[in-house]
Amino acid sequence: EAAVTQSPRNKVAVTGGKVTLSCNQTNNHNNMYWYRQDTGHGLRLIHYSYGAGSTEKGDIPDGYKASRPSQENFSLILELATPSQTSVYFCASGGDWGGNSYEQYFGPGTRLTVL
Amino acid sequence: SQWGEENLQALSIQEGEDVTMNCSYKTYTTVVHWYRQDSGRGPALIILIRSNEREKRSGRLRATLDTSSQSSSLSITAAQCEDTAVYFCATDSNYQLIWGSGTKLIIKP
């Protein structure tokens, strides 16, 4: 069974509307991440979290909010969606940064279209 | 940017050939990750090489790391159609992963 799930998998929203993307992980990882991936480009970090109740800004946080109500759940919120936020969004979880590094485990992605 | 190239690179080879993908990075890192992303799915780690390793092998995959030139490579031996995917390199920076723009690898039968 998938350890990181996202919902919805596809979403069409209208400009100015509110969008909430949800992520759930069963890896019991402290760290969770939200990325966006635009066609032909790599992943860009939007927000991340070190644990329940914490959220941190990534490289491109403008226009996005995040919420981490529990160890398992991490949401990305677009209060006023704009067409420039049309993209594929990935959630990931990862363990603590002990030692040298660690692996991130990704969900299947959410394709968001803002009209 | 952490990485030299900003746009997705594309590479197309015949099945059975060997292929090497390269990444260069700008800031210090202790580890280089290589992830693979299949169409319609999230990335998945395929090999990780640390700064005290010059080479790491996993099956048909071989990763190298040259800290003096701040570059890493991923080689696939005898590529198969199922190796078709986008391959990303990523480095550690401030407890985050910094991602390259990726190489789209297409293996033709």
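Residues numbered from 1 in each chain as written. Chains lettered and ligands numbered in written order. Predicted model: local features only at pLDDT ≥ 70, side-chain atom pairs only at ≥ 80, totals over all residues. Heavy atoms only, no water.

**Student:** What am I meant to see in the sheet that holds strand S7 (residues 65-67) of chain A here?
**Tutor:** Sheet strands associate in pairs through backbone hydrogen bonding, adopting either a parallel or an antiparallel arrangement. Residue and element names in this part refer to chain A. The sheet built from four strands is open, its strands ordered S1-S3-S8-S7 with antiparallel pairing. Each edge of the sheet is formed by a strand with only one pairing partner; in this case those strands are strand S1 (4-7) and S7. Between one strand axis and the next, the sheet turns by 20° as a mean value, whatever way the strands run. In terms of strand pairing, strand S3 (residues 19-25) meets strand S8 (residues 73-78) through six bridges, oriented antiparallel. Bridge pairing in S8 places Asn24 opposite Asn73. (Pairing = 2+ DSSP bridges. Helix = DSSP H or I, 4+ residues; strand = E, 2+ residues; numbered from the N terminus. Axes fitted to C-alpha atoms, helices over the stretch in contact; angles between N-to-C directions.)

**Student:** In this structure, what is going on with the sheet that holds strand S7 (residues 71-76) of chain B? I would like to understand it.
**Tutor:** All names here are of chain B. With antiparallel pairing, the four strands of this open sheet are ordered in space as S2-S7-S6-S5. Every other strand in the sheet has two partners, leaving strand S2 (19-24) and strand S5 (55-58) as the edge strands with one partner each. Ignoring which end each strand starts from, the neighbouring axes of this sheet average 15° apart. Here S5 pairs with strand S6 (residues 61-66) via four bridges, running antiparallel. Bridge pairing in S6 places Glu55 opposite Thr64.

**Student:** For this particular structure, what's the right way to read the layout of surface pockets?
**Tutor:** Over the atoms a probe the size of a water molecule is rolled, and this reveals where empty space is left. Of the pockets and cavities examined, the largest pocket occupies roughly 610 Å³. When contributions to the lining of the largest pocket are tallied by element, the ones reaching two or more residues are strand S9 (87-94) and strand S11 (110-114) of chain A together with strand S8 (85-93) and strand S10 (103-108) of chain B. In terms of residue count, S11 of chain A provides more of the lining of the largest pocket than any other element does, four residues in total. For the lining of the largest pocket, the per-class residue count stands at nine nonpolar, 14 polar and six charged. (1 Å grid on protein atoms, 1.4 Å probe; cavity = no way out; pocket = protein on both sides within 12 Å on 5 of 7 lines; lining within 4 Å. Points joined across faces, edges and corners; volume = space filled by probe spheres on them. Nonpolar A, V, L, I, M, F, W, Y, C, P; charged D, E, K, R; others polar.)

**Student:** Sorry if this is basic, but what is going on with the confidence of the model for chain B here?
**Tutor:** Detailed reading of the predicted coordinates is not advisable wherever pLDDT is low. Per-residue pLDDT for chain B averages 89, and the proportion of residues at 70 or more is 94%. The low-confidence segment residues 1-6 of chain B (pLDDT under 50) makes 22 contacts with residues lying over four places distant or belonging to another chain. (pLDDT = per-residue confidence, 0-100. Contact = heavy atoms within 4.5 Å.)

**Student:** What should I look at first to understand the side chain of Ser54 of chain A in this one?
**Tutor:** Position of Ser54 of chain A relative to the elements: it lies in the loop between strand S5 (43-49) and strand S6 (56-57). Aside from chain neighbours lying at most four places away, what touches Ser54 of chain A is Ser49 and Arg68 of chain A.

**Student:** How do you make sense of the interface of chain B and chain A when you look at a structure like this?
**Tutor:** A common way to report how large an interface is uses the accessible area buried once the components associate. Between chain B and chain A, the residue contacts involve 22 residues of the former and 21 residues of the latter. Summed over both sides, the interface between chain B and chain A buries roughly 1,700 Å², with carbon and sulfur atoms accounting for 55% of that surface. The interface formed by chain B and chain A contains zero salt bridges. Taken together, chain B and chain A are joined by four residue pairs in polar contact (both at pLDDT 80 or more). When residues of the side of chain B that touches chain A are traced back to their parent elements, those giving at least two are strand S3 (31-37), strand S4 (44-50), S8 and strand S9 (96-99) of chain B. (Buried area = accessible area lost by both parts, 1.4 Å probe. Salt bridge = Lys/Arg side-chain N within 4 Å of Asp/Glu carboxyl O. Polar contact = N/O pair within 3.5 Å; in protein donor to acceptor, adjacent residues only side chain to side chain.)

**Student:** Even after reading the chapter, I still don't get the pairing of S9 of chain B, so can you show me in this structure?
**Tutor:** Side-chain positions along a regular strand alternate between the two faces of the sheet. Residues and elements named next belong to chain B. By the alternation rule, side chains of S9 split into Gln96 and Ile98 and Leu97 and Trp99, which are all buried. As judged from the four bridges shared by S8 and S9, these two strands associate in the antiparallel manner. For Ser93, the partnering residue across the bridge sits in S9 and is Gln96. Turn length for the S8-S9 hairpin, with the two strands adjacent in sequence and antiparallel, is two residues, and the turn residue Asn94 shows positive phi of about 50°. (Buried < 20%, exposed > 50% of the residue type's maximum accessible area, 1.4 Å probe, protein only.)

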